[in-house]
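Report on the structure
Chain by chain, the residues run as shown.
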Amino acid sequence: MLEFRKDIFADERDDNLLEIGQPTQRQDMLGHVTATSRYYDDHRFANLLHLKVLRSPHAHARIRSIDDSAAARAPGVKRIIRAADVPVNLNTLLSLMQFGKDDEPSLATDVVRYKGEPILGIVATSERAALEAMALVRISYDPLPAVFDVEEALKPGAPSVNPTYPKNTFEYHGKYDHQKLRFGDVDAAFAQADVVLEDRYQMSPIEHAPTETNGSIAVPDTNGRIVVYTSTQALFFSLDTAAKINALPSNQLHFIGGTVGGGFGGKVDTMTEPLAILAARLTGAPVRYRFSRHEEMQFGSPRGAERIYIKDGIMRDGRIIARQVRAYFDSGAYTRLSSYAVIKCAGHIPGPYTIPNVSADIYCVFTNRTPATAMRGFGVTAIDFAIECQMDKDAVAIGMDPLEFRMLNAYRDGDMKAHRREAKNCALIECAQVAAEKAQWPLRDEFRRMSSRQGGAARAGVTDRSRMPAPAVPPRVPASTTQRVTYERPMPAVSPAATPPPPPPTPPQPPAPAASGHGARRFSSVFGTRRR
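Here is a short report on the structure shown in this document. (Residues numbered from 1 in each chain as written. Predicted model: local features only at pLDDT ≥ 70, side-chain atom pairs only at ≥ 80, totals over all residues. Heavy atoms only, no water.)

With respect to the overall build of the chain
- Along its length, the chain carries 15 helices and 20 strands.
- The buried share of the chain, taken over its 532 residues, is 51%. (Helix = DSSP H or I, 4+ residues; strand = E, 2+ residues; numbered from the N terminus. Buried < 20%, exposed > 50% of the residue type's maximum accessible area, 1.4 Å probe, protein only.)

This is the structure in structure tokens:
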């Protein structure tokens, strides 16, 4: 088990923050405010050529024929690059770490699997010349059935998107079609719960939309090396990926990263460098390959769309005794980084809360969408959003203050996590106390006295929660009359019993704080309204 370095993290509970709230100057600030920061596209070269790529107009189609003869004769065209020209056409980024199989072509060969997939490149003396030549290319397609929904993609008979993974799911360790987490007995816990609440959360793909689009310039050097000026966020990933695709030793490439004009995860993939290098090798001249804004939006990797189902079993005293999660990550047509996002998601369940019974199944699914990639905490951001929305709904369902509900279930030192690791250095309770104070949010005295340092070891036995303050609530409802919660709006989906009994009496709501007590406007993420 990994342990934190005590000499480095000895003062981690110290409230004297070193950066937050301090006037620390960014290292690159001076260049930005004086307009002297150099981006990849600020470099100028004589006889610079320009690479543009012809992309598929179909989400899924078989390529019958390609006629680029007229384009090859067009004014300014120096070279047509086809799939056969790419030394190692199939690649996936994480194969550099022996994680996953090579599944994505640099240029499509026989089938295109998403709208915008690259088919051939045109190298010309100007971008305009390359675009005009591109219009002369004639490609004949046979459209194929496509699938755009993660759950539809897993049904029997669904179109197979990626031949490397014919069942439309990524394979972990060569044999598992998803990531699984099991802790305790969720079925038995749901049977004992007073309230069972289930809901579905759907995220949308998000384009990073950086001010500077993806791009790079590859320049042949006098000693046989290629110098690459690039906007990448992952310099060594890009170097090694470009070396692999071009079948070159990595020491023949010199990558210069410099300043990135916005990335947010969207420039972690190696999008432009391999083909720019190949074009420079084939022509012997510097070649620039940069995305237009349209290409950035259509071909640049977005944050993947995640679909998450959460089902919680809750006791009327506020304890969450069971959590079941089922999630699907829309990887698009190829793997890129979605398989890693699934691992991060599985590692983050059930959130920062001690829940004695947890079950999770997380899938990386292939569809005929643009391949997805990293974006600002990908794999964790969406599940956090879903969990915290669920926590608000759980609190409403039992009539408990949502902040106190979180504190009641928060990790404490010594608690046992669902991944069978002991919780250490916990601080959610203290963070909540400070946040409540700053927001003038009323907390009862017992919650103001709570500490993340006390009582967790007893809770590691799963059932002992005697050290937690018990809110004033009615006696526990018998398990035979478990309440299934639903809302009028379509957002929550409920798991009703086969013959649902009449709902138990609604517990009394906590008294509303007087307006003069704190005056904070309270926002409900359940109903999307503000209330006093």
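Some points on a nonpolar patch on the surface
- Together, Met 29, Leu 30 and Val 33 line one region of the surface with nonpolar side chains, adding up to about 300 Å² of accessible area.
- One can find Leu 30 in helix 2 (residues 29–33). (Patch = residues over 30% accessible without salt bridge, like charges linked within 9 Å, V, L, I, M, F, W, Y side chains within 5 Å. Areas by Shrake-Rupley, 256 points an atom, 1.4 Å probe, with all protein chains shown as cover. Salt bridge = Lys/Arg side-chain N within 4 Å of Asp/Glu carboxyl O.)

Regarding the sheet that holds strand 3 (residues 77–81)
- What the 7 strands build is an open sheet, ordered 3-7-1-14-11-12-13; its pairing is mixed. Every other strand in the sheet has two partners, leaving strand 3 and strand 13 (253–256) as the edge strands with one partner each. Averaged over all pairs of adjacent strands, the angle between their axes in this sheet comes to 20 degrees, without regard to strand direction.
- Bridge count for strand 3 against strand 7 (residues 118–124) is 4 bridges, and the pairing is antiparallel. Opposite Ile 81, over in strand 7, you have Gly 121 as the bridge partner.
- Sheet strands in contact with helix 4 (residues 127–134) are strand 1 (49–55), strand 3, strand 7 and strand 14 (287–290), and its direction is about 30 degrees off that of strand 1. (Pairing = 2+ DSSP bridges. Axes fitted to C-alpha atoms, helices over the stretch in contact; angles between N-to-C directions. Contact = heavy atoms within 4.5 Å.)

Let's talk about the environment of Asp 85
- Checked against the element boundaries, Asp 85 lands in the loop between strand 3 and strand 4 (90–91).
- Put simply, Asp 85 and Leu 278 are 193 residues apart on the chain and 8.5 Å apart in space, counted from C-alpha to C-alpha.
- What Asp 85 contacts, discounting residues up to four positions off in sequence, is Arg 79, Ile 80 and Leu 278.
- In this structure the side chain of Asp 85 is engaged in a polar contact, spanning 2.8 Å, whose partner is the backbone nitrogen of Arg 82. (Polar contact = N/O pair within 3.5 Å; in protein donor to acceptor, adjacent residues only side chain to side chain.)

Let's talk about the pairing of strand 11 (residues 215–220)
- Counted residue by residue, strand 11 has 5 buried out of 6 residues, so it is predominantly covered.
- Joining the antiparallel neighbours strand 11 and strand 12 (residues 226–230) is a turn of 5 residues, in which Gly 224 adopts a positive phi near 90 degrees.

Quick notes on the pattern of salt bridges
- What the rule picks out here adds up to 30 salt bridges.
- With a shortest N-O distance of 2.8 Å, Asp 102 and Lys 244 are connected by a salt bridge. In this pair, Asp 102 sits in the loop between strand 4 and strand 5 (104–105) while Lys 244 sits in helix 7 (residues 235–245), placing the two residues 142 residues apart along the sequence.
- In this structure Asp 102 comes out as partly exposed when scored by relative accessible area, which is 27%.
- Of the charged contacts, one joins Arg 307 and Asp 149 as a salt bridge, the two residues approaching to 2.6 Å between their closest N and O atoms. Taken as a pair, Arg 307 in strand 15 (residues 306–314) and Asp 149 in the loop between strand 8 (138–143) and helix 5 (150–153) lie far apart in primary sequence, 158 residues in all.

Things to note about the packing of aromatic side chains
- On inspection of all chains with the given rule, the structure shows 12 aromatic pairs.
- Arranged with centres 5.2 Å apart and planes meeting at 10 degrees, the rings of Tyr 165 and Phe 366 form a pair that is stacked. Of this pair, Tyr 165 sits in the loop between helix 5 and strand 9 (179–183) while Phe 366 sits in strand 17 (residues 358–366), and the two are 201 residues apart along the sequence.
- Residue class for Phe 366 comes out buried when judged on its relative accessible area of 0%.
- Ring-pair connections join several aromatic residues into one group, and the members of that group are Phe 99, Tyr 165, Phe 170, Tyr 172 and Phe 366.
- Here the guanidinium or amino end of Arg 336 rests over the ring plane of Phe 299, the centre of that ring lying 5.6 Å away. (Phe/Tyr/Trp six-rings, centres within 6.5 Å; stacked < 30°, edge-to-face > 60°. Lys NZ or Arg CZ within 6 Å of the ring centre and 35° of its normal.)

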